[in-house]
Amino acid sequence: MNAIEQAEWTIEQSNELYGFERWGNDYFSVSKNGNVTARTLNAEVELMDIVNGMLERDLQMPVLLRIENILDAQIHRLNTAFRAAIENLGYKNEYRGVYPIKVNQQAQVVEEIATFGKRFKHGFEVGSKPEIIIALSTLEEPGSMIICNGYKDQEFIELGLSAIKLGFICVFVVETPTEIPIILERSRAMNIEPIIGVRIKTTVNVSGHWNSTSGDRSVFGLTATQLVDLVDLLKAEGMLHCLQLLHCHLGSQIPNIQDIRSGITEVCRFYADLVKEGANLKYIDLGGGLAVDYTGWGSNYAQSRNYSLSEYCEDIVDTLKTNFDDYGIPHPVIVTESGRATIAYSSILIFNVLDTTIFEPTRLPEPHEDEDPLLTRMRDVYGNLSESRVQECYNDAHFYRNEARELFKRGQLDLRTRSAVENMFLDLLHKIADITENMQRVPSDLEGLKLSLADIYYGNFSLFQSLPDTWAIDQLFPIAPIHRLNEEPKRSAVLADITCDCDGKIDRFVGTEDVVKVLPLHELREGEEYYLGVFLVGAYQETLGDLHNLFGDTNVVSVRINRDGTFDFVKEMHGDTISDVLSYVEFHPKEMQLRHRNTAERAVREGRITARERQQIIKLFNESLNGYTYYEKED
Ligand code: PLP
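This is a predicted model, so every value here is computed, not measured.

## Comments concerning the packing of aromatic side chains
Tallied over the entire structure, the rule returns 21 aromatic pairs. Here Trp 23 and Phe 28 contribute two aromatic rings whose centre-to-centre distance is 6.0 Å and whose plane-to-plane angle is 45 degrees, an arrangement assigned as tilted. For the pair shown, Trp 23 and Phe 28 are each scored as buried. On the basis of an interplanar angle of 85 degrees and a centroid distance of 5.6 Å, the ring pair of Tyr 294 and Phe 477 is categorised as edge-to-face. Placement of the pair is Tyr 294 in the loop between strand E11 (283-285) and helix H12 (309-327) and Phe 477 in the loop between helix H19 (468-473) and strand E15 (479-481), with a sequence separation of 183 residues. A relative accessible area of 0% places Tyr 294 in the buried class. The ring of Phe 569 is capped by Arg 57, whose NZ or CZ atom sits 3.9 Å from the centre of that ring. The ring of Phe 425 has Arg 401 sitting right over it, with the charged end atom 4.2 Å from the ring centre.

## Some details on the pattern of salt bridges
Where charged atoms from two side chains of opposite charge come close, those side chains can pair. Enumeration over the complete set of coordinates arrives at 43 salt bridges. Here Asp 273 makes a salt bridge to Arg 269, at a shortest N to O gap of 2.8 Å. In this pair, Asp 273 and Arg 269 are both assigned in helix H11 (residues 257-276), four residues apart and thus about one turn of the helix distant. By relative accessible area, which is 31% here, Asp 273 ends up partly exposed. Overall, Arg 269 belongs to the partly exposed group, its relative accessible area being 43%.

## Some thoughts on the side chain of Glu 266
Relative to the assigned elements, Glu 266 resides in helix H11. When near neighbours in sequence (up to four residues on either side) are disregarded, Glu 266 contacts Thr 202, Thr 203 and Val 204.

## So, the packing of helix H15 (residues 390-409) against helix H16 (residues 415-437)
Two elements in contact, H15 and H16, have axes separated by 10 Å at closest approach and are oriented at 165 degrees. By the angle class used here, H15 and H16 are roughly antiparallel. Read as a crossing pair, H15 and H16 show a hand that is left-handed. Packed against H15, whose contacting residues are Val 390, Cys 393, Tyr 394, Ala 397, His 398, Tyr 400, Arg 401, Ala 404, Arg 405 and Phe 408, the element H16 presents Leu 415, Arg 418, Val 421, Glu 422, Phe 425, Leu 428, Leu 429, Ile 432, Ile 435 and Thr 436 at the interface. Grouping the amino acids of the contact of H15 with H16 by side-chain chemistry returns 14 nonpolar, two polar and four charged.

## Observations concerning the sheet that holds strand E10 (residues 243-247)
Around the barrel, which closes on itself, the eight strands sit in the order E5-E6-E7-E8-E9-E10-E11-E12 with parallel pairing between neighbours. Put simply, the sheet's adjacent strands are angled 25 degrees from each other on average, direction ignored. As paired elements, strand E7 (residues 145-148) and strand E8 (residues 169-174) share four bridges and run parallel to each other. Considered in E8, the bridge of Cys 148 is made with Phe 172.

## A look at the site of the ligand
Among the 15 residues in the neighbourhood of the ligand, the closest are listed as Ser 252, Glu 337, Gly 339, Arg 340 and Tyr 540. Ser 252 places a polar side-chain atom, nitrogen or oxygen, 2.6 Å from an oxygen atom of the ligand. Tyr 540 is positioned such that a nitrogen or oxygen atom in its side chain is 2.7 Å from an oxygen atom of the ligand. Notes on the ligand: free accessible area 400 Å², of which the protein chains cover 91%. Each residue belonging to the shell around the ligand can be placed in one class, and the counts come to two nonpolar, eight polar and five charged.

## Observations concerning the environment of Ala 272
For Ala 272, the position within the fold is in helix H11. The exposure class assigned to Ala 272 is buried, which follows from its relative accessible area of 8%. Measuring from C-alpha to C-alpha, the distance between Ala 272 and Gly 296 comes to 38 Å, with 24 residues separating the pair along the chain. Those residues in contact with Ala 272 that lie beyond four places of it in its chain are Tyr 327 and Ile 329.

## Notes on the environment of Leu 547
Among the secondary structure elements, Leu 547 is positioned in the loop between helix H20 (541-544) and strand E22 (555-561). Residues Leu 547 and Pro 332, spaced 215 residues apart in sequence, show a C-alpha to C-alpha distance of 45 Å. In contact with Leu 547, not counting residues within four places along its chain, are Gln 465, Gly 552, Val 581 and Tyr 584.

## Re a nonpolar patch on the surface
A cluster of nonpolar side chains, Tyr 584, Val 585 and Phe 587, forms an exposed patch at the surface whose accessible area comes to about 280 Å². Within the fold, Tyr 584 resides in helix H21 (residues 578-584). Note on Tyr 584: relative accessible area 44%, which makes it partly exposed.

## With respect to the environment of Leu 159
Looking at where Leu 159 falls in the secondary structure, it is placed in helix H8 (residues 154-165). Each C-alpha atom, one on Leu 159 and one on Arg 418, is 74 Å from the other, the two residues being 259 residues apart in sequence. Once residues within four sequence positions are removed from consideration, Leu 159 is found in contact with Ile 132, Ile 133 and Leu 136.

## A word on the sheet that holds strand E1 (residues 28-30)
Within the open sheet, the three strands sit side by side as E1-E2-E3. Their pairing is antiparallel. A single partner strand is all that each edge strand has here, and the edge strands are E1 and strand E3 (43-46). If you compare each strand with its neighbour and ignore which way they point, the axes differ by 35 degrees on average. Strand direction decides the pairing type here: E1 and strand E2 (residues 36-40), joined by three bridges, are antiparallel. Counterpart to Ser 29 in the pairing with E2 is Thr 37. Its contacts with the sheet put helix H4 (residues 47-56) on E2 and E3, and the angle it makes with E3 is roughly 55 degrees.

What counts, and where the lines are drawn
Residues numbered from 1 in each chain as written. Predicted model: local features only at pLDDT ≥ 70, side-chain atom pairs only at ≥ 80, totals over all residues. Heavy atoms only, no water. Phe/Tyr/Trp six-rings, centres within 6.5 Å; stacked < 30°, edge-to-face > 60°. Buried < 20%, exposed > 50% of the residue type's maximum accessible area, 1.4 Å probe, protein only. Helix = DSSP H or I, 4+ residues; strand = E, 2+ residues; numbered from the N terminus. Lys NZ or Arg CZ within 6 Å of the ring centre and 35° of its normal. Salt bridge = Lys/Arg side-chain N within 4 Å of Asp/Glu carboxyl O. Contact = heavy atoms within 4.5 Å. Axes fitted to C-alpha atoms, helices over the stretch in contact; angles between N-to-C directions. Parallel < 35°, antiparallel > 145°, perpendicular 65-115°, else oblique. Left-handed = near helix turned anticlockwise from the far one by under 90°. Nonpolar A, V, L, I, M, F, W, Y, C, P; charged D, E, K, R; others polar. Pairing = 2+ DSSP bridges. Near = heavy atom within 4 Å. Polar contact = N/O pair within 3.5 Å; in protein donor to acceptor, adjacent residues only side chain to side chain. Areas by Shrake-Rupley, 256 points an atom, 1.4 Å probe, with all protein chains shown as cover. Patch = residues over 30% accessible without salt bridge, like charges linked within 9 Å, V, L, I, M, F, W, Y side chains within 5 Å.

Pasting the structure below:
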């Protein structure tokens, strides 16, 4: 590509093509150098500078980059948006956020949330004993909330009661009636009054991927009858005053604000009747659901959202206020358990591209007087290329290509002629695909043609380890090159990872208005790395990843952007070594070394290798055990 061609492509075009400012929530953009920037505190850094810093510190690709300030800013935005809505609408109580640890329970992340959330008394939602132990060891501010969801045994409940003693507002959200006797018995034994919450089943069916979390068939929450039984039981035990929180979780990633409003209206109805029954309700917990606009379309598509953060907060506060004013009930503390929206933006998976497969003719044969008749026929197809004859040309090209293969099999066509036919065939398919691009009605045979000709870019990552939702639930994440954005991306590609699994590929991407099947990318340059970023991957991905093909955790780097535009590497963690992942699946690296040594020694005895060669082979094996599981380029 020459300099004049490059100058024609602008960073604005890249911004529009990849949508950084549509889905980036003001955190991502493109610098005039053509590099992706991360922006907080009015300061901007180029991701490539961070990548170069990683490489200098021997942190090889792939790397999960966490930007601390983005997490900090998201906690700030959530709390201040609720506070603003409360003030604007005259709601007479406060907002208290809790972060659900399951969404990303990595120690660095949870500790950062505890630190950044302290000024807002941002608490934790926990669903198991390990999670409540995390909460108890990271939260510092008395009065912070710990919401205990999930099935709770005696030990879990004792940990929760001890949290109350330490000054936290620790609520046992009753998921099933069987938990009640244990809560009552342990609280009497420990002489600590429990704070009880109850999770209800709402009937509203929200749109989006997680709609089974609400509705009659939801596996969580009490039915209306179970709720009445709970009230009667607590009344009989003289403990109804302990029922202080009403909980519901309409689903994760709710794209449509109207579903949220209508769900909350139903929750208010439950709340009002429980108050009438004598419950001492003080908190209304609306669970998660605040969506991330992964596509940037601002629509009610499952992976988008048709509302802003301030609209979400205002709609919630307004719905609660209107309902509680109508019922004549004091406004409760508003609790939400936003996970995805809190954490998604702050992590980016960065990887290098190792290789490409390009489905293009390498060279086309010049016309020749005594060329094979099949080549002449193929040339005729070129002559017929037009919108009206596109299907016919497609059929003919296939026919002659297949004929060439048959003749080759029978020894009637040589290798060079077959190669010439194959090249012309590929060339024709590209030309046919170009014609179909502008056609209003594309013949069904030709619909997937462009995609079938797309390049394959092989990325140094494992989909199953780093982007499991892409595989499991067709989750879309914005993906883009993090540099060369002042050059036109002239290739169209799908991505393959380095697992040897045919599912380890990405062929659905965020387009400007729709899901697209190919990603525009740049040609690889000899001797130069090409880096791609997968954005908004902070929520759920690290937790759900698995060890497919034994690719382990990637390297992780946390940076903090400073006001002067510099950045610090605040934390770094080397990913799993081969030895680590082997021990996860119950191999014992020491024993493996010993067995390998015995195999090598036998090879010496049997004369296959020398003792010196044995040493080299053993050294390689032992060094590999300590190496990274991903593709490493030699210096
Ligand atoms: N609270 C509960 C009870 C959940 O089950 C979940 C996730 O499904 C969340 C909160 C977090 O939801 P989100 O990530 O949509 O904020």
